[in-house]
Amino acid sequence: MQEVLKVREGVPSATCKAHIMVCGGQGCISSKCGEVVDALKESLNKNGLTEQVRIILTGCMGPCDMGPVAIVYPDATFYRRLRPKDAEAIVEEHIMKGAPVQRLLYRAPGAKEPTPCIHDIDLFKKQQKIVLRNTIYIDPLSIEEYIGRDGYAALAKVLTQMTPAQVIEEVKKSGLRGRGGAGFSTGMKWGFTAAAPGTPKYVVCNGDEGDPGAFMDRSVLEGDPHSVIEGMAICGYAIGAEQGYVYVRAEYPLAIQRLSYAIEKAREYGLLGKNIFGTSFNFDIEIRIGAGAFVCGEETALLASIEGKRGEPRPRPPFPAQSGVWGKPTVINNVETWANIAPIILKGADWYASIGTEKSKGTKVFALAGRINNTGIVEVPMGITLREIVYEIGGGIPRKKQFKAVQTGGPSGGCIPAEHLDTPIDYDSLGALGAIMGSGGMIVMDEDTCMVDIAKFFLDFVVDESCGKCSPCRIGTKRMYEILDRITNGQGREGDIELLSELATTIKNTALCGLGQTAPNPVLSTIRYFRDEYEEHIKERKCRAGVCELK
Amino acid sequence: MVACECKCGEDELTKQLEKIIDQYRGQPTGLIQVLTRAQELIGYLPRWALIMIAEGLGLSLQEVYGVVTFYAFFSLIPRGRHKISVCAGTACYVKGTKMVLKTLREAIGIKPGQTTPDSRFTLEIVRCIGACGLAPAMIIDGKDVHGRLEPEQIPAILEQYA
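This is a predicted model, so every value here is computed, not measured.

Colleague: Talk me through the overall build of chain A; I want residue IDs and the actual numbers.
Modeller: Assigned secondary structure in chain A consists of 22 helices and 13 strands. The C-alpha atoms of chain A give a radius of gyration of 24 Å, which matches the 24 Å a tight globule of 551 residues would have. Taken over the C-alpha atoms alone, chain A extends approximately 75 × 60 × 40 Å along its principal axes. When contacts within chain A are restricted to residue pairs at least 6 apart in sequence, long-range pairs at least 24 apart make up 70% of them. Positive and negative charge centroids in chain A, built from 64 and 67 side chains respectively, lie 1 Å apart.

In C-alpha cells:
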C-alpha cells in the first residue's frame, strides 16, 4: 500500500506508470466526470496500459467550477474542464510520451504560461489542508488507502498509549473549537460529557448541513468518510461511549452511500465493533437519515430527530453533555470537527495550536460560491483575510464587476462589506462584524445584488424552516418578512427600518433555539452596512441593483 | 419512483412494506427510517401505509402524521414520475433561481408543489442541494444534478425525462 501511495507523493514506480485521480465530488459528477473516466479506461485499454495505470475516483478536489478536474501522478499535473475526447491526448501524449497536454492545463488569470503542477497553482498553494488532508490523494472507497495515509493510527495510539483523560486534555490543549457554528471548545465539551453522570453515553456526528451555501461537510463525508469514523471512535474512548450516530441529510445520497460502505469496511477490519485493536474498547456507528428540516442542524432538534420524533428544539440547559440522545450524556460535533481529531492526536496539540490565531486555532474549510471566479471548497488557516480568500484563492469577481459583500454563516450569519475585506477571519472577528463563521458557507455578492432583497431571501428561508414551537420565531420572523416584502415592492414606509431593528432585537432575545436567535442577523447586518439601500427603497422607490420591481 | 396505481400491485407493496416494518417492529424510534424506506417503495406515503406503520411500531396515527408533516422530505400525495427540485440556496438565488423557475413554469405549466396533469413532472423548490459551485442548479429524481443553467438549456434537459 505504501508503494502505491508513493506514486502520489511524486515517487515514480517500476511497476506503475501513473495514477490518474479524477474528482468524484458532486460538482464534477454533475459535469459528467463519469464519461471522462470511461474514455480514459478505453484509451488505456487500446494502448495496453490498463495494468500500469490506475484510475481513481476521489472525493471533491475543491475547484468545482473547473470540473471535471483530474490530477496525474507522479508529476501531479492538474487538468481541468475535461471532456471525454481529451482522454486520448492525456494517455497518448502525457502518459506515454511524458508531455503534459498544454491546452488542458490551468492558466492563472493574465498569465501567458500555464501552471502544470497542482502544487504551484495559487489557488492550492495558499491553502493548508488538515481536514481535507486526504481528499485529493485517496480513493474514498478504499480503507487500505486511508490506512496508508496514517489512517486509524491515531485510534491505535489512544487505545494503547493514552488514558481517556489524556485524550480529552490533548483535544483541549489543541484549542479546537466546534466547526458547526457556535465555536465552543471541543475538548471542554468532551470533558463535560465524560464527567456527566449516567450511562450509556453517546457520540453523535451532525451531518445535517442545511445551511444554504454550505457543502464542506458533504465533501468530507464523500471524500474521506473514515476520518469522521476515526474521530468519533477516539471520542467514544475518551468519554466512555460504545455507540455513535451519524446524522446525514437524505439530500446527500452519495455521502450516505460512501459512509455506509466505510462503516462496513471498518467493521470488517476490526476498527469498529468489539475489542478494537485487541483492547477492551467496543464502539460502533449507525447512520440516521435526516428528512429535510433546517432546524435539525440545531443540536437539541437533531437529537429529537434521531429518536424518530419531530425535530423540535428544547430549551438548554440541560445541554446534550448532560442529557442528549435518550436522555443520556452525549457529545455532538459537526463533520468537520470530527475530521480534525485524528491529526491532533497524531501530531500533537502543540502542532495544531501553532496554526491559526490566538483564540481560533487550526484551519477552516469554506465553501466559496456566488459571484466569484473560482467556486468550490477551500481550506485555509484561521486568520487569513477575506481579501486573500476572495481575490487570491477565489480569483476575484467575474466580468469586472464591483465587489459588494460576502455573506457568511447562512441564515444565522451576516454580510460583510468591502471596507472590512482586510479583517483576519476567526470566530471573534466575524462576530464583531455582525456575521458568524457558521459552518463555513461563503457567498460572494457583487453590485448586481440588492442587499434588501438578500435580507428578504434569508427571512423567507427562516419563515419556511421555523419549526413553529416558539412564537418569537414563528410570528416575529413572519412579520419581519412582511415588512421586507413591502419595502422591496415599493410600499416601504418611514420608520420601517426602526421597526425591523426593534423586532430583530426582540426575536434575538426571546427565541427558544439557535435558529430563531440568529434569524434576524442577515437583516441587522444589512441595515448596519447598507442602510442607504434600505432608505433608497423606502424614500426614492429605487433599487440600485435593479433587482426589486418597485411599483 | 413510479406510484403504483393498479390494484393487483397493492398486495405486493403491502408485503414489502411489512418487511420494512419488521426490522423496527415495536420500536417507535425507527419511525423516520421506516417512513423513508416506505416512501422509496411506494413513491409517497398513502394513508394505508401510515396506518400499517403506526400499528407496526406501536405509535398512534396522530404521532406518525406529526412526523410526516414536519419534514419536507415526506409527501402525502402522489408525485409525478420525475421530481424536479429547483435549488433556492443562497448561491443559486444570487445567480438566478428566479429565472430557472420562470422558464420551468412556462415549459411545464405548473407551480412549485404541483404535479403536471399527465403525472410526468412534480415541481418543487428545495433549500440548497450542495452544488453551490454550479449555481444555479436543479436536481431531477434526487440524483441528476443539472448545473450552470441557462434558460435555453431547460427544454433539452426536460426532454430526457419521458
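Colleague: Which residues make up the layout of surface pockets, and what are the values?
Modeller: Residue and element names in this part refer to chain A. When its volume is computed, the second largest pocket comes out at roughly 1100 Å³. Taken together, 37 residues form the lining of the second largest pocket, with Gly180, Gly181, Ala182, Gly297 and Glu299 sitting closest to its centre. Those elements that place two or more of their residues in the lining of the second largest pocket are α9 (186–195), β8 (330–334) and α21 (514–518). Residues that form the lining of the second largest pocket fall into these classes: 11 nonpolar, 18 polar and eight charged.

Colleague: Go over the confidence of the model for chain B, please, and point to the residues and values.
Modeller: Residue and element names in this part refer to chain B. On average, residues of chain B carry a pLDDT of 90, and 94% of them reach 70 or more. Ranking the elements of chain B by mean pLDDT puts helix α1 (residues 8–22) last, at 87, and helix α3 (residues 47–57) first, at 97. For this predicted complex, the interface confidence comes out at an ipTM of 0.86, alongside a pTM of 0.94.

Colleague: Tell me what's going on with helix α13 (residues 299–306) of chain A, and back it up with residues and numbers.
Modeller: With eight of eight residues buried, α13(A) is to be regarded as a mostly interior element. Buried residues of α13(A): Glu299(A), Thr300(A), Ala301(A), Leu302(A), Leu303(A), Ala304(A), Ser305(A) and Ile306(A), and no others. Against α9, β5 (201–207), β6 (241–249), β7 (284–290) and β8 of chain A together with α2 (31–42) of chain B lie the buried residues of α13(A). Positive backbone phi, approximately 85°, marks Gly308(A), located one or two places after α13(A).

Colleague: Mind laying out the domain arrangement of chain B, listing which residues take part and the relevant values?
Modeller: On domain assignment, one finds that chain B holds domain 1 (8–70) and domain 2 (82–160). Each of domain 1 of chain B and domain 2 of chain B has a C-alpha centre, and the two are 29 Å apart.

Colleague: An account of the side chain of Thr135(A) is requested, with residue identities and associated values reported.
Modeller: All names here are of chain A. Mapped onto the elements of the fold, Thr135 is located in the loop between α5 (122–125) and α6 (143–148). On the basis of relative accessibility, which here comes to 2%, the residue Thr135 falls in the buried class. Among the polar contacts made by the side chain of Thr135, one reaches the main-chain carbonyl oxygen of Leu132 at a distance of 3.1 Å. Excluding its chain neighbours within four sequence positions, the residues that come into contact with Thr135 are Thr58, Gly59, Cys60, Ser219, Gly223 and Asp224.

Colleague: Residue-level account of the interface of chain B and chain A, with values.
Modeller: With 31 residues of chain B in contact, the opposing surface of chain A contributes 53 residues. Approximately 3300 Å² of surface area, both sides summed, lies buried where chain B meets chain A, with 58% of it carried by carbon and sulfur atoms. Three residues, Phe70(B), Thr90(B) and Arg127(B), lead the burial of chain B against chain A; their summed loss comes to 22% of the area buried on that side. Counting the contacts that link chain B with chain A gives two salt bridges. Between Asp464(A) and Arg127(B) there is a salt bridge, with the nearest N and O atoms lying 3.4 Å from each other. Put simply, chain B and chain A have 15 residue pairs in polar contact (both at pLDDT 80 or more) between them. Mapped onto the side of chain B that touches chain A, the elements with two or more residues apiece are α2, α4 (61–70) and α5 (90–95) of chain B. At five residues, α5(B) tops the list of elements feeding residues into the side of chain B that touches chain A. In the side of chain B that touches chain A, the residues fall into 18 nonpolar, nine polar and four charged.

Colleague: Quick rundown of the sheet that holds strand β3 (residues 70–73) of chain A? Include the residues and the values.
Modeller: Residues and elements named next belong to chain A. Judged by pairing direction, the sheet is mixed, and its four strands sit side by side in the order β2-β1-β3-β4 without closing on themselves. Strands with a single pairing partner mark the edges of an open sheet, and in this sheet they are β2 (53–58) and β4 (77–79). Pairs of neighbouring strands in the sheet enclose a mean axial angle of 20°, with direction left out of account. Pairing of strand β1 (residues 18–23) with β2, which is carried by six bridges, proceeds in the parallel orientation. Bridging across to β2, Met21 finds its partner in Ile56. Its contacts with the sheet put helix α3 (residues 33–46) on β1 and β2, and the angle it makes with β2 is roughly 175°. Sitting on the sheet, helix α4 (residues 87–95) is in contact with β1, β2, β3 and β4, with an inclination near 160° to β4.

Colleague: Help me get a handle on helix α8 (residues 164–174) of chain A, residues and values and all.
Modeller: All names here are of chain A. For α8, the set of buried residues is Val167, Ile168, Glu170, Val171 and Ser174. Each buried residue of α8 sits inside an arc of 160° when the element is viewed along its axis, so together they form one side. Buried positions along α8 lie against α7 (153–161), α9, α11 (225–239), α14 (335–347) and α15 (349–353). Just downstream of α8 lies Gly175, where phi reads positive at about 80°.

Colleague: If you had to explain the state of the cysteines to someone new, which residues and values would you point to?
Modeller: A full pass over the atoms with the stated rule returns zero disulfides over all chains. Cys132(B) forms no disulfide, and the closest cysteine sulfur to it belongs to Cys128(B), at a distance of 3.8 Å.

Colleague: How would you sum up the sheet that holds strand β11 (residues 403–408) of chain A? Please name residues and give values.
Modeller: All names here are of chain A. Pairing is mixed across the open sheet formed by five strands, whose spatial order is β10-β9-β13-β11-β12. Every interior strand has two partners, whereas the edge strands, β10 (376–381) and β12 (414–417), have only one. For this sheet, the mean angle separating the axes of adjacent strands, direction not counted, is 30°. Where β11 and β12 come together, four bridges link them in antiparallel fashion. Counterpart to Ala405 in the pairing with β12 is Pro417. Running at roughly 115° to strand β9 (residues 363–370), helix α10 (residues 216–223) makes contact with β9, β10 and β13 (441–446) of the sheet. Lying over the sheet, helix α16 (residues 386–393) contacts β9, β10, β11, β12 and β13, oriented at roughly 115° with respect to β11.

Colleague: Requested: an account of the domain arrangement of chain A, with residues and values cited.
Modeller: Residues and elements named next belong to chain A. Taken domain by domain, chain A consists of domain 1 (1–121), domain 2 (143–354), domain 3 (363–446) and domain 4 (451–540). Computed over C-alpha atoms, the centres of domain 1 and domain 2 are 33 Å apart. Opposite the 16 residues of domain 1 that make contact, domain 2 presents 11 residues. Taken together, both faces of the contact between domain 1 and domain 2 bury some 910 Å²; the carbon and sulfur share is 54%. Across the domain 1-domain 2 interface, the total number found is three salt bridges.

Colleague: Describe unusual backbone geometry, naming the residues involved and giving the relevant values.
Modeller: Cis geometry is adopted by the peptide bond preceding Pro74(A), which originates at Tyr73(A) and carries an omega value of 15°. Mapped onto the elements of the fold, Pro74(A) is located in the loop between β3 and β4. Cis geometry is found at the peptide bond from Ala135(B) to Pro136(B), where omega equals -5°. Mapped onto the fold, Pro136(B) is located in the loop between β2 (121–126) and β3 (138–140). Despite not being glycine, Glu209(A) has its phi angle at roughly 40°, a positive value. Structurally, Glu209(A) can be placed in the loop between β5 and α10. The class for Glu209(A) is buried, based on a relative accessible area of 6%. Within the chain, Arg399(A) stands out as a residue other than glycine whose phi angle is a positive 55°.

Calculation notes
Residues numbered from 1 in each chain as written. Chains lettered and ligands numbered in written order. Predicted model: local features only at pLDDT ≥ 70, side-chain atom pairs only at ≥ 80, totals over all residues. Heavy atoms only, no water. Helix = DSSP H or I, 4+ residues; strand = E, 2+ residues; numbered from the N terminus. Rg over C-alpha atoms; globule rule 2.2 N^0.38 Å. Contact = heavy atoms within 4.5 Å. Lys, Arg positive; Asp, Glu negative; His and termini not counted. Charge placed at Lys NZ, Arg CZ, Asp CG, Glu CD. 1 Å grid on protein atoms, 1.4 Å probe; cavity = no way out; pocket = protein on both sides within 12 Å on 5 of 7 lines; lining within 4 Å. Points joined across faces, edges and corners; volume = space filled by probe spheres on them. Nonpolar A, V, L, I, M, F, W, Y, C, P; charged D, E, K, R; others polar. pLDDT = per-residue confidence, 0-100. Buried < 20%, exposed > 50% of the residue type's maximum accessible area, 1.4 Å probe, protein only. Domains from an automatic or database assignment. Polar contact = N/O pair within 3.5 Å; in protein donor to acceptor, adjacent residues only side chain to side chain. Buried area = accessible area lost by both parts, 1.4 Å probe. Salt bridge = Lys/Arg side-chain N within 4 Å of Asp/Glu carboxyl O. Pairing = 2+ DSSP bridges. Axes fitted to C-alpha atoms, helices over the stretch in contact; angles between N-to-C directions. Arc of directions from axis to C-beta. Disulfide = S-S within 2.5 Å.

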